[in-house]
Structure formats: C-alpha cells, structure tokens
Amino acid sequence: QVQLVESGGGLVQTGDSLRLSCAASGRTFSRYAVGWFRQAPGKSREFVGYITTRGNAEYAESVKGRFTISRDNAKNTVYLQMNSLKPEDTAVYYCAADAYASGSSPGLYDYWGQGTQVTVSS
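Residues numbered from 1 in each chain as written. Predicted model: local features only at pLDDT ≥ 70, side-chain atom pairs only at ≥ 80, totals over all residues. Heavy atoms only, no water.

### Quick look at the overall build of the chain
When you go through the chain residue by residue, the secondary structure sums to 0 helices and 11 strands. Starting at the N terminus and walking to the C terminus, you meet the elements of the chain as β-β-β-β-β-β-β-β-β-β-β. At 13 Å, the chain has a C-alpha radius of gyration in line with the 14 Å of a compact globule built from 122 residues. Across its three principal axes, the chain shows a C-alpha extent of roughly 40 × 25 × 25 Å. Scored against the burial criterion, the 122 residues of the chain give a buried share of 44%. Counted over contacts in the chain with a minimum sequence separation of 6, partners at least 24 positions apart contribute 57%. Of the roughly 6300 Å² that the chain leaves accessible, carbon and sulfur atoms contribute 44%. Seen as two clouds, the 12 positive and the 10 negative side-chain charges of the chain have centres 5 Å apart. (Helix = DSSP H or I, 4+ residues; strand = E, 2+ residues; numbered from the N terminus. Rg over C-alpha atoms; globule rule 2.2 N^0.38 Å. Buried < 20%, exposed > 50% of the residue type's maximum accessible area, 1.4 Å probe, protein only. Contact = heavy atoms within 4.5 Å. Areas by Shrake-Rupley, 256 points an atom, 1.4 Å probe, with all protein chains shown as cover. Lys, Arg positive; Asp, Glu negative; His and termini not counted. Charge placed at Lys NZ, Arg CZ, Asp CG, Glu CD.)

Take a look at the structure:
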C-alpha cells in the first residue's frame with residue numbers, strides 16, 4: 001500500500017517555473033514507477049510523464065524539453081520540475097504509482113494522490 005501526497009502547485013505567470021513534489025509513504029517506494037498526469041476543467045486526464053524504478057523518464061510531447069521528472073528514493077519523493085510554463089499547462093496535477101507497470105495510461109496505476117492545482121496566467 002502506498003499513499004501519495006502532491007505539493008508545490010500555485011499561481012504563476014507565463015514563462016515561470018514550478019517544482020511539484022509527490023511524497024509517498026512506505027519503505028518500498030523505490031520499487032514503484034511513478035507517473036504524472038494532469039486534468040484541466042472539462043477535459044479528460046492527460047499523461048504528462050513517468051519515471052521508472054531505474055530512474056528512466058518518458059514525457060508527453062506537449063511537455064518534452066520543458067518538464068523533468070526525477071526521484072529521490074531516500075526521501076520517498078518524486079519531483080516534477082516544470083519550466084517555461086504556458087497557460088495551457090493550467091490543470092490539477094496528479095502523481096500515481098504502480099509496482100508492476102509504467103506508461104502513459106492512467107489505468108496502469110493503482111495509487112493516486114489528491115492532486116495539486118497549477119495555474120499559469122498569461
């Protein structure tokens with residue numbers, strides 16, 4: 001069982017940066033792949049990126065080159081560094097974890113955080 005808590009969201013301007021954190025409970029967090037997703041009002045949940053247990057990351061085309069996912073297993077935390085933010089990045093951001101799979105589909109992940117709001121003003 002893993003519990004996830006996101007933090008770090010807020011209101012920023014176009015071009016600014018934010019770093020989101022996903023803190024996990026449990027001593028075996030290093031064995032979980034972690035995905036980041038976002039959901040804007042009236043839209044379906046969208047894949048942002050994921051990081052494997054080995055630290056390899058993949059990203060959606062819309063954020064590639066601007067967002068970076070990293071993990072610190074000693075702190076049971078995964079980070080989403082977001083640079084050059086755009087108004088279209090405005091959404092609630094969720095982290096999700098799974099012990100057996102990683103990928104771009106939300107259905108692959110068993111555990112989810114409550115989300116953190118990111119708002120980018122133009």
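### Let's talk about the pairing of strand β1 (residues 4-7)
With burial as the criterion, only one face of β1 is covered, namely that bearing Leu4 and Glu6; the residues Val5 and Ser7 on the opposite face remain uncovered. Here 4 bridges tie β1 to strand β3 (residues 18-24), and the two strands are oriented antiparallel to one another. Paired with Glu6 across the strands is Cys22, a residue of β3. (Pairing = 2+ DSSP bridges.)

### Notes on the packing of aromatic side chains
Per the stated rule, a full pass over the model turns up 7 aromatic pairs. Note on Phe37 and Trp112: the rings are 5.2 Å apart at their centroids and 45 degrees apart in plane angle, and the pair reads as tilted. Here the residue Phe37 occupies a position in strand β4 (residues 33-39), and Trp112 occupies one in strand β10 (residues 111-112), the gap between them amounting to 75 residues. By relative accessible area, which is 0% here, Phe37 ends up buried. Given the relative accessible area of 27%, Trp112 is considered partly exposed. Ring plane angle 75 degrees and centroid distance 6.5 Å describe the contact between Tyr109 and Trp112, whose orientation is recorded as edge-to-face. (Phe/Tyr/Trp six-rings, centres within 6.5 Å; stacked < 30°, edge-to-face > 60°.)

### Overview of the nonpolar core
Leu4, Trp36, Phe67, Val78, Leu80, Met82 and Tyr93 are the most contacted members of the largest nonpolar core, which has 35 residues in total. Going through the elements one at a time, β3, β4, β5 (46-51), β7 (67-72), β8 (77-82), β9 (91-98) and β11 (116-121) are the ones with two or more residues in this core. Broken down by element, the residue count for this core peaks at 5 residues, all from β9. (Core = buried A, V, L, I, M, F, W, Y, C linked by side-chain atoms within 4.5 Å.)

### Describing unusual backbone geometry
We note that Asn76 has phi near 55 degrees; this positive angle belongs to a residue other than glycine. Assignment of secondary structure puts Asn76 in the loop between β7 and β8. The phi dihedral of Ser84 is positive, around 50 degrees, even though this residue is not glycine. Looking at the element boundaries, Ser84 is found in the loop between β8 and β9.

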